[in-house]
Structure formats: structure tokens, C-alpha cells
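If you want the building blocks of each chain, they are given just below.
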Amino acid sequence: MKVRTRFAPSPTGYMHIGNLRTALYEYLIAKSQGGDFLLRIEDTDQKRYVEGSTDIIYNTLKTVHMDWDEGPDIGGNYGPYVQSERRPIYKEYAQKLVELGGAHYCFCAAHDDEDDGDDENKIPTKFKDPCKRIPLEEAKARVAAGEPYTIRQTINKKGVSHFHDEVYGDIEIDYDELDEGVLLKTDGLPTYNFANVVDDHLMGITHVVRGNEYISSTPKYNLIYEAFGWTPPIYVHVPPVMKDAQHKLSKRNGDASFQDLVAKGYLPDAILNYIALLGWNPGTDQEIFSLDELKKCFTAERLNKSPAIFDIVKLTWMNGCYIRELPTEKFHEMAMPYYQKYLTRDLNLPMLSKVLQPRIETFGDIEAQTDFLEKMPEYSLELYTNKKMKTDIDIAKKTLALTLPALQNVSDWSNENLFEQLKNLAAANELKNGQILYPLRIALSGKETTSGGATEIATILGKEETLRRIQQALQKLGA
RNA sequence: GGUCCCAUCGUCUAAUGGUUAGGACAUCACCCUUUCACGGUGGUAAUAUGGGUUCGAAUCCCGUUGGGAUCACCA
């Protein structure tokens with residue numbers, strides 16, 4: 001049987017990393033076995049709907065190349081793929097479930113959740129609906145008379161429910177723990193509890209992958225499958241992605257959303273690679289994976305049970321690996337928007353890219369790495385003193401005075417030539433290379449550390465600006 | 001509170017009864033070096049806890065502790 005999985009987000013705002021990881025696992029379970037991956041929009045809660053969030057979902061999946069085989073935009077044989085467009089289907093199946101004894105009409109008012117007065121002593125009890133004792137004919141008459149109603153699940157079963165989960169193994173839950181929850185709301189739309197069962201069955205979903213918060217309600221869904229005479233899917237419950245040991249990653253608190261990370265200069269492929277490893281491992285020491293490689297080696301058996309904390313530091317490292325692997329031209333092209341944002345001076349940008357590529361971990365680092373190119377910062381003369389380089393203020397004064405005329409005569413302003421010239425200058429004056437190069441770098445950057453050395457910075461700045469900065473430094477040194 | 005689930009270095013994880021408990025990130029030291037970075041070498045660092053079972057337990061069982069989830073006309 002062909003494997004079919006679905007990503008079924010609700011359009012309620014941003015796409016966070018946990019969502020994306022669930023989508024990835026769904027995608028990989030299908031694609032590792034040549035199956036289908038479909039996209040379904042679960043918009044049955046009109047109150048929580050956020051304009052534009054379906055576009056975010058489409059765009060995110062597209063940028064990481066997780067292509068779906070069926071979905072709202074491209075259609076398929078099991079549509080529609082937006083739940084609000086499936087309203088008649090749910091009503092039909094809900095009524096059928098009532099006839100089958102798996103549900104009943106309920107006329108109770110909605111629960112008011114506002115009284116949080118004595119929360120300490122509030123012990124919730126299982127909701128057992130009195131309406132299920134209303135004779136079906138009477139209930140139907142009230143519905144026909146226009147009385148508002150919901151359809152609730154009927155749970156009369158006693159004892160213990162068993163089911164198997166691919167990650168957590170065999171789970172047992174007592175039927176007494178199950179609520180007789182609403183399946184079809186007053187507004188005629190289904191709740192998640194009903195819609196996901198009906199749709200997953202109708203759409204031929206073989207593997208249901210979702211957060212482990214659904215484990216405790218899974219027996220309820222199985223009861224519905226059972227009442228209809230349907231075969232339940234294979235369940236794959238995955239642990240949450242955490243912000244820290246206590247808190248899940250959430251949209252509130254400004255926690256990492258995919259698009260935030262991209263905006264900060266993280267590469268989509270690196271993000272995807274990192275989250276694949278948050279809760280899954282290949283069983284080898286390999287850590288860098290393309291999506292195609294993941295498709296080849298992914299197996300649900302190697303999914304983890306315990307929550308994983310999202311570690312931006314490791315993601316940053318991995319992003320650095322991806323940046324270093326970029327072809328030079330590609331890196332330059334991707335860095336260009338950042339250059340345009342932070343730099344106005346006429347610089348040797350290809351040289352800047354060459355210097356930056358092995359040094360930055362995200363494109364967002366460019367700003368801090370290049371600020372001195374734009375404007376010479378204020379700096380202390382103490383910077384000229386460096387024990388290891390055997391320089392101090394006096395030596396700097398002397399060597400910069402030698403460097404200035406030497407560079408004035410240079411016509412080939414390439415890094416290689418500048419380095420060669422200055423090495424020769426050092427040798428001719430019986431100086432160490434560092435005694436020439438270290439003060440020069442300070443004079444050009446005003447910073448203790450920089451991306452690149454003296455001659456690289458000179459190359460980037462160009463001859464005119466380089467000479468100007470050396471003159472300024474000599475002035476500052478009182479030479 | 002009931003129920004369910006989880007527990008290996010700071011973090012992500014490997015080891016499905018026998019390993020000096022392995023790898024990666026981070027961190028520290030050293031090497032390379034025109035600073036920084038990249039790269040290389042090495043170090044520090046973990047089986048929450050108490051009982052069992054077993055010749056032998058990170059691994060199996062029970063208790064404890066800690067954490068998470070769930071108990072909506074949200075998903």
C-alpha cells in the first residue's frame with residue numbers, strides 16, 4: 001500500500017520551527033518510501049484565522065523544497081483540501097455517526113471558561129453528557145424545530161483502550177478518562193477531533209504524524225474509526241521542540257519562526273538540516289544532510305521520545321558550514337543585499353566576500369564585521385601595543401612612516417602584491433612582518449580584531465582610502 | 001489533582017545486558033597564522049535517585065524525584 005502523509009496546519013499565524021519539523025518528518029516518512037505528501041488547511045476555527053498565514057505556509061514549504069503532491073492550490077483526487085470547504089461532508093458523517101451510536105445530539109450551552117477564581121482547588125472532571133439520554137427521535141425533533149445543537153461523541157465503552165504508536169510503543173488509556181467532546185459545533189463546522197478523523201480516512205492517510213499532546217486523545221479517534229468500521233492509521237507521535245527545559249517553542253515570546261531565522265541570515269537548507277536532527281538521528285556520525293540525503297536514510301524508528309531544546313548556537317555553527325560550502329559567486333550574490341544595506345563607500349566587494357565567507361556564520365554577521373570599512377572608529381593608541389607582534393606606539397610610528405611612501409609607489413593594488421611589497425619592506429629594514437602589518441591593520445581598522453589582515457583590508461579599501469587612513473594614523477600618533 | 005508520557009556531558013545525541021559510556025555544538029589549551037576566522041590536535045564534561053533481577057545493568061522491573069502533556073463548541 002502506498003504511504004500517504006499529510007501536513008495539516010491551521011492558518012493561525014506564523015510558522016514556527018516545531019511545525020516545520022513535524023511537516024519535515026511527515027514529508028520524509030512519505031518520500032523515503034515513495035509515498036505521497038499532502039497539504040491540508042485546517043481552518044475550522046474562524047475566530048483564530050489569521051489573514052495571510054496560508055501564504056506563509058506555502059512559501060515556507062516551497063523555500064525548503066518540500067513539495068506536496070496534493071493540496072488546496074494544486075488540487076488532487078481527494079479534495080477539497082481546505083476544511084472550511086468540506087462542511088457538508090462533516091455534517092453528513094456526523095449524522096451517520098449518530099445513527100451508528102458513536103455520537104448524539106447535545107443541547108447544552110457552551111462552557112464558560114471565565115471563572116478562574118480558585119484555580120488551586122479546581123479539579124476538572126470528565127464530561128459525561130446528560131444529553132446522550134435524550135431519545136434520538138426527540139433530539140431530531142428539537143433539531144428540526146431549529147434549536148441550536150452540537151453533535152457530541154458518545155463514549156459508553158468501559159475498560160482500557162490499547163493502541164500502538166511508532167515512537168512511543170504500546171499505550172493504554174482507560175475509557176473513563178475520555179471526554180464526550182463536541183464533534184460538530186453549533187456553527188456547523190467540525191472540531192479537530194472529528195475533522196481529522198474524517199479527512200484522514202477519506203484522503204487515504206496511512207501515517208498520522210503529529211505532536212505528542214494528541215496521545216491522550218487518540219483513543220477517542222480510534223473509537224470513531226471503529227464506529228464507522230474504518231481502519232485507524234499508523235500513529236507517529238513526536239515530542240515537542242522546546243525553547244528551554246520547561247517551555248515549548250511558541251509563537252508568542254518571539255520565539256524562532258522559520259522566516260525570522262531566514263531574515264537573520266540563516267539559510268533555509270541549514271535550518272531544515274538542523275531541525276531534522278532535533279529528535280531524529282541517522283544512527284551514524286553524519287550531521288550534514290541535504291533533503292535528498294534525508295529522503296534516502298530517514299526511518300521513523302530512529303525518532304526520539306523525549307523533547308529537544310532548540311539550540312540556536314548549534315544551528316549557527318551548521319549555518320556556517322553551509323555558508324562555507326557555497327560557491328564563491330553564490331556567496332557574493334547572497335551577501336550583496338547586506339553590503340548594499342550597510343556600506344556606501346566604493347570598496348573591492350569581491351575581495352570582501354573572499355575574506356568574509358570563511359568567517360561569518362550568518363549573513364547577519366556582515367554588519368558587525370564591516371562597520372569599520374564604512375567609517376573609521378574612534379580607537380585608543382594602546383591598540384598599537386601587541387606583545388606577540390612585538391609592536392608598540394613607537395614602532396608603529398616608525399613602521400607606518402615607512403609604509404606610507406612604500407605604498408604610494410605601488411600600482412598593482414592586489415592583496416598578493418601588497419603582501420609581497422610589505423614583506424620586502426620589513427626585510428629591508430630588519431623588521432618582523434608583524435611590526436609592519438600589525439600597526440597597518442590597526443591604522444586601517446581601529447579595531448583589535450578584524451576579518452582579514454592588513455593587506456586584505458587595504459585591498460578592500462582601495463589605494464586612496466588606505467593612504468588617507470595611514471596619514472590620519474600618523475597624525476594621531478603625533479608623528 | 002486524575003491519567004498518559006519522558007529522563008545519558010551545559011545542549012543535540014550514540015551505545016537495543018558485556019564499550020576505557022562514542023560523536024557533534026559550546027568551552028579550554030596547543031598548532032597553523034599579517035590580527036580574527038577557517039583548518040588541525042588534545043583536554044574538561046553525562047547514565048537524576050533508591051531498591052531489585054542478573055555472573056554482569058545506561059540498557060529489564062518497582063519505588064522516589066524532576067519535567068512535560070492532557071482534562072475547550074483550539075488545533
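Treat the numbers as computed from the prediction; the structure is a model and nothing was measured.

Asker: Explain the overall build of chain A here, please?
Answerer: Each helix and strand in chain A was counted, giving 18 helices and 11 strands. Taken over the C-alpha trace, chain A has a radius of gyration of 32 Å; the compact-globule value for 479 residues is 23 Å, which it surpasses by more than 25%. Across the 479 residues that make up chain A, the buried fraction comes to 49%. Accessible surface computed for chain A: about 23,500 Å², of which carbon and sulfur atoms make up 49%. For chain A, the centre of its 56 positive side-chain charges and the centre of its 71 negative side-chain charges are spaced 3 Å apart.

Asker: I keep staring at the nonpolar core and nothing clicks. Help me out?
Answerer: When a protein is soluble and globular, its nonpolar side chains tend to lie buried together. Leu61, Met66, Phe194, Phe310 and Phe363 are the most contacted members of the largest nonpolar core, which has 143 residues in total. Each residue touching Met66, except ones within four places of it in the same chain, is listed here: Ala23, Leu24, Tyr27, Phe37, Leu61, Leu272 and Leu291.

Asker: Explain the side chain of Thr391 to me, please; I cannot follow it from the model alone.
Answerer: Its location among the elements puts Thr391 in the loop between α13 (366-374) and α14 (393-408). The contact partners of Thr391, leaving out residues within four places of it in the chain, are Tyr384, Thr385, Asn386, Gly434, Gln435, Tyr438 and Pro439.

Asker: Any chance you could explain the environment of Ile155 here in plain terms?
Answerer: Within the fold, Ile155 resides in the loop between β4 (150-153) and β5 (160-165). Of the residues examined, Ile155 reaches a relative accessible area of 5% and is grouped as buried. Along the backbone, Ile155 and Gly101 are 54 residues apart, and their C-alpha atoms lie at a distance of 9.3 Å. Leaving out residues up to four positions away in the same chain, Ile155 has contacts with Lys132, Tyr175, Leu178, Asp179, Glu180, Lys220 and Leu223.

Asker: Before we go on, may I ask you to explain the packing of aromatic side chains in this structure?
Answerer: A ring pair, where both rings are aromatic, is described by two values, the distance of the centres and the angle of the planes. Counted according to the given criterion, the structure contains 17 aromatic pairs. Note on Phe163 and Tyr235: the rings are 6.0 Å apart at their centroids and 75° apart in plane angle, and the pair reads as edge-to-face. Of this pair, Phe163 sits in strand β5 while Tyr235 sits in strand β9 (residues 234-238), and the two are 72 residues apart along the sequence. Of note, Arg142 hangs over the ring of Phe107, and the distance from its end group to the ring centre comes to 4.0 Å. Sitting over the ring of Tyr438, Arg441 keeps its end group 5.3 Å from the ring centre.

Asker: Honestly, the layout of surface pockets in this entry has me stumped. Any pointers?
Answerer: Once rolled over the atoms, a probe with the size of a water molecule shows which space is left empty. Roughly 1,100 Å³ of volume is contained in the largest pocket. Along the walls of the largest pocket sit 44 residues, with Ala8, Ser10, Asn19, Glu213 and Tyr214 positioned nearest its centre. Among the elements that line the lining of the largest pocket, the one with the most residues is helix α1 (residues 17-31), at five residues. Looking at the lining of the largest pocket residue by residue, the classes come out as 16 nonpolar, 14 polar and 14 charged.

Asker: Explanation requested: the pattern of salt bridges in the structure shown.
Answerer: Where side chains of opposite charge bring their charged atoms close, a pairing between them can arise. Evaluation of the coordinates by the stated rule reveals 25 salt bridges. The partner of Glu226 in a salt bridge is Lys157, and the shortest N-O contact between them spans 2.8 Å. Placement of the pair is Glu226 in helix α6 (residues 218-228) and Lys157 in the loop between β4 and β5, with a sequence separation of 69 residues. Residue classification places Lys157 among the partly exposed residues on the basis of a relative accessible area of 36%. Between Glu465 and Arg345 there is a salt bridge; the shortest N-O distance is 3.2 Å. Taken together, the residues Glu465 in helix α18 (residues 463-476) and Arg345 in the loop between α11 (328-342) and α12 (349-356) connect sequence positions 120 residues apart. A relative accessible area of 28% places Arg345 in the partly exposed class. Taken together, the shared-partner salt bridges connect Arg6, Glu26, Arg40, Glu42, Arg86, Asp199 and Asp200 into one network.

Asker: I keep staring at the environment of Gln369 and nothing clicks. Help me out?
Answerer: As for its position among the elements, Gln369 is in helix α13. Separated by 13 residues in the primary sequence, Gln369 and Leu356 have C-alpha atoms spaced 8.1 Å apart. Excluding its chain neighbours within four sequence positions, the residues that come into contact with Gln369 are Leu356, Ile360 and Ser451.

Asker: Would you explain the protein's contact with RNA strand B in this entry?
Answerer: Around RNA strand B lies a shell of 63 residues, among which Thr186, Asn281, Glu287, Arg359 and Gly452 are the nearest. Atoms of RNA strand B within 4 Å of the protein belong to the sugar or the phosphate in 70% of instances, the rest to bases. One nitrogen or oxygen atom from the side chain of Arg441 is found 3.3 Å from a base oxygen belonging to RNA strand B. Elements with a minimum of two residues in the surface near RNA strand B: β4, β6 (169-174), β11 (308-309), α10 (312-325), α16 (433-445) and α17 (454-461). Broken down by element, the residue count for the surface near RNA strand B peaks at four residues, all from α10. Counted by class, the surface near RNA strand B contains 22 nonpolar, 19 polar and 22 charged residues.

Asker: Looking at this structure, how should I read the packing of α16 against α18?
Answerer: Helix-helix packing is described using two parameters, namely the angle between the two axes and the distance between the axes. At a closest axis distance of 8 Å, the pairing of α16 and α18 adopts a crossing angle of 100°. Viewed along their axes, α16 and α18 adopt a mutual orientation that is roughly perpendicular. Of the residues in α18, those touching α16 at Leu440, Ala443 and Leu444 are Thr466, Arg469, Ile470 and Ala473. Considered class by class, the residues forming the contact of α16 with α18 number five nonpolar, one polar and one charged.

About the criteria used
- Residues numbered from 1 in each chain as written.
- Chains lettered and ligands numbered in written order.
- Predicted model: local features only at pLDDT ≥ 70, side-chain atom pairs only at ≥ 80, totals over all residues.
- Heavy atoms only, no water.
- Helix = DSSP H or I, 4+ residues; strand = E, 2+ residues; numbered from the N terminus.
- Rg over C-alpha atoms; globule rule 2.2 N^0.38 Å.
- Buried < 20%, exposed > 50% of the residue type's maximum accessible area, 1.4 Å probe, protein only.
- Areas by Shrake-Rupley, 256 points an atom, 1.4 Å probe, with all protein chains shown as cover.
- Lys, Arg positive; Asp, Glu negative; His and termini not counted.
- Charge placed at Lys NZ, Arg CZ, Asp CG, Glu CD.
- Core = buried A, V, L, I, M, F, W, Y, C linked by side-chain atoms within 4.5 Å.
- Contact = heavy atoms within 4.5 Å.
- Phe/Tyr/Trp six-rings, centres within 6.5 Å; stacked < 30°, edge-to-face > 60°.
- Lys NZ or Arg CZ within 6 Å of the ring centre and 35° of its normal.
- 1 Å grid on protein atoms, 1.4 Å probe; cavity = no way out; pocket = protein on both sides within 12 Å on 5 of 7 lines; lining within 4 Å.
- Points joined across faces, edges and corners; volume = space filled by probe spheres on them.
- Nonpolar A, V, L, I, M, F, W, Y, C, P; charged D, E, K, R; others polar.
- Salt bridge = Lys/Arg side-chain N within 4 Å of Asp/Glu carboxyl O.
- Near = heavy atom within 4 Å.
- Polar contact = N/O pair within 3.5 Å; in protein donor to acceptor, adjacent residues only side chain to side chain.
- Axes fitted to C-alpha atoms, helices over the stretch in contact; angles between N-to-C directions.
- Parallel < 35°, antiparallel > 145°, perpendicular 65-115°, else oblique.

These results come straight from atomic positions and should not be treated as a statement about function.
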